[in-house]
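The residues making up each chain are set out below.
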Amino acid sequence: LTRTLINNMVIGVTEYRERKRLHTNWRPVDEMVINSMAVSAQEEGIDMCDRDVKRFLKSNRVCPYNPFDEFIASLPKWDKHPRIDKLFRRIPVDDEQWYALAHKWFLGMVALWMHANRRKGNELMLILVGEQGVGKSTFCRSLMPKELTPYYTENFSLANRRKALLMLSRYGLINFDEVNRLTEAQQPVLKNMLQLPVVDEFKPYASTSAQERRYASLMGTSNNHDII
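Residues numbered from 1 in each chain as written. Predicted model: local features only at pLDDT ≥ 70, side-chain atom pairs only at ≥ 80, totals over all residues. Heavy atoms only, no water.

Enquirer: What's the story with the nonpolar core in this structure? I'm lost.
Expert: Proteins that are soluble and globular tend to have nonpolar side chains buried together. Counting 26 residues, the largest nonpolar core has F88, W98, W105, F106, L173 and M219 as its most contacted members. The set of elements that each furnish at least two residues to this core consists of α3 (67–74), α4 (83–88), α5 (97–114), β5 (126–129) and α6 (136–142). Of the residues forming this core, the biggest block, 8 residues, is contributed by α5. The residues contacting L173, other than those within four sequence positions of it, are W105, M109, C140, L143, M144, Y151, Y152, T153, A216, S217 and M219. Counting 18 residues, the second largest nonpolar core, distinct from the first, contains V179, L190, V199 and A216. (Core = buried A, V, L, I, M, F, W, Y, C linked by side-chain atoms within 4.5 Å. Buried < 20%, exposed > 50% of the residue type's maximum accessible area, 1.4 Å probe, protein only. Helix = DSSP H or I, 4+ residues; strand = E, 2+ residues; numbered from the N terminus. Contact = heavy atoms within 4.5 Å.)

Rendered as structure tokens:
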């Protein structure tokens, strides 16, 4: 095979990357890729069809891969330098207590990535309030390391509760942009989401639910100081 295959355990999709090519991203295996693999095998004299490729992709022959586990395992040992505090000190605030809470929120975010806390989710939600164009969303994006940028999103809404809950197990950081749009009826939903340690999901045609590991912490941005 000219492609390396993995089973992405976070998004539940088989992905591939071209071999012997540097700096290429993982991409989902679609119908065109499956057909190309079958044709390439036939050209090499292997008697197989696309059905055989699909059977292989659904087997344990494809290596499981968790991008959060891989990222955490690749980090060097901490040198005791207070980088988290220095990061949040870049944000001017009126209350010094905000920095301690932001530090706690950040640790809670990483704890979810590490699956270190299985009893509750990250119950804090970091909210940045300021005028348009001061860099609130830019700062939010900068919190995700380059290796995990596909697991950051600003496309978040509580209008569809089921979709919002599933995003907790598909992303590592969710930015609730313009959080002041939160309605009074949606506030209990958001509170419940912050507390959840896992996400119950009903698979298609399944009679029972499956518990999905939660990765996402929530933060928000707003131009309006009167948001709660």
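Picking up where we left off.
Enquirer: Would you mind showing me how to read the pairing of β5 here?
Expert: Walk down a regular strand and you will see the side chains alternate between the two sheet faces. Where burial is concerned, the two faces of β5 differ: the one with L126 and L128 is buried and the one with I127 and V129 is not. Of the pairings in the sheet, the one linking β5 to strand β10 (residues 217–222) comprises 4 bridges and is parallel in character. Counterpart to I127 in the pairing with β10 is G220. (Pairing = 2+ DSSP bridges.)

Enquirer: What is the right way to look at the pattern of salt bridges in this model?
Expert: Counting across every chain of the model gives 6 salt bridges. Ionic pairing is found between D52 and R55, a salt bridge with its closest N-O pair at 3.1 Å. In this pair, D52 and R55 both sit in helix α2 (residues 50–57), 3 residues apart, roughly one turn of the helix. In this structure R55 comes out as exposed when scored by relative accessible area, which is 51%. (Salt bridge = Lys/Arg side-chain N within 4 Å of Asp/Glu carboxyl O.)

Enquirer: What is the right way to read helix α8 (residues 187–195) from this model?
Expert: Note on helix geometry: an α-helix contains 3.6 residues per turn, so any two residues three or four positions apart are oriented the same way. All of the buried residues along α8 are L190, M193 and L194. The buried side chains of α8 occupy one side of the element, clustering within an arc of 100° when seen end-on. Residues of α8 that are exposed and point over 90 degrees away from its buried face: P188 and K191. Tucked inside the fold, the buried residues of α8 contact α7 (161–167) and β10. (Arc of directions from axis to C-beta.)

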